[in-house]
Amino acid sequence: MAYRQSFYQFLMTLRDPDSNGDLAQFANNAQFDSTFPRQEQDRTRLSEYLEENAAYLPSMTIFDDAYQVYEEKMQY
């Protein structure tokens, strides 16, 4: 079975300090979140963490969009 990267690992590929795009800003901010669940792949657990801890995420829709792209990239 192929290796499946964590959501955090995927998210880090979206970082772009020069971008104002929602996904890039989410990734840029998550990089500095020392308690982000870096090994997590589960959407529900990630969503719960972000809702409770990620003041830097202005809308959970941004997470939903990022997770959708993550799932598409992780399909074999």
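Computed from a prediction, not measured in an experiment: that's the story for all the values here.

## Brief notes about the overall build of the protein chain
The helix and strand inventory of the protein chain stands at four helices and zero strands. Listing each helix as α and each strand as β along the protein chain from the N terminus yields α-α-α-α. Since a compact globule built from 76 residues should have a radius of gyration of about 11 Å, the 12 Å found for the protein chain is in line with a globular shape. On the principal axes, the C-alpha backbone points of the protein chain span a range of 35 × 25 × 20 Å. Expressed as a percentage of the 76 residues in the protein chain, the buried residues total 36%. Put simply, 49% of the contacts in the protein chain that link residues at least 6 apart link residues at least 24 apart. By element, 45% of the accessible surface of the protein chain is carried by carbon and sulfur atoms, the whole surface being about 4,900 Å².

## Topic: the UniProt feature "domain: YozE SAM-like" (unreviewed entry) in the protein chain
UniProt feature "domain: YozE SAM-like" (unreviewed entry): in the numbering of this structure it lies at residues 6-72. Summarising residues 6-72: 60% helix, 0% strand, and an end-to-end C-alpha distance of 13 Å.

## What about the side chain of Ser-47?
Within the fold, Ser-47 resides in helix α3 (residues 43-53). Here Ser-47 falls in the buried class, since its relative accessible area comes to 17%.

## Points about the pattern of salt bridges
Using the criterion set out here, one finds three salt bridges in the structure. Close ionic contact of Arg-45 with Asp-42 constitutes a salt bridge, the shortest N to O distance being 3.6 Å. Under the relative-accessibility criterion, Asp-42 is labelled partly exposed at 29%. Taking the shortest distance from any N to any O, the salt bridge between Asp-64 and Arg-43 comes out at 3.3 Å.

Calculation rules
- Starting from 1, residues in each chain are numbered consecutively following that chain's sequence as written.
- Residue-level local features of this predicted model are given only where pLDDT is at least 70; pairs of side-chain atoms are given and counted only at 80 or more, and the full residue set underlies all totals for whole chains, interfaces and linings.
- Side-chain numbers come from the whole structure's heavy atoms, not from hydrogens or water.
- Every helix listed is a DSSP run of H or I at least four residues long, and every strand listed is a run of E at least two residues long, numbered separately from the N terminus.
- Every radius of gyration here is taken over C-alpha atoms, with the globule rule written as 2.2 Å times N^0.38, N being the number of residues.
- The rule is simple: take the accessible area with a 1.4 Å probe, protein chains only, and divide by the maximum for that residue type; under 20% is buried, over 50% is exposed, in between is partly exposed.
- Note on definitions: a residue-residue contact is assigned when non-hydrogen atoms from the two residues lie within 4.5 Å.
- What sets the accessible areas is the Shrake-Rupley method with a 1.4 Å probe; for residues, cover comes only from the shown protein chains.
- UniProt positions are given in the numbering used here, feature names are shortened, and annotations may be inferred rather than shown by experiment.
- Whenever Lys or Arg places a side-chain nitrogen within 4 Å of a carboxyl oxygen from Asp or Glu, that contact is recorded as a salt bridge.

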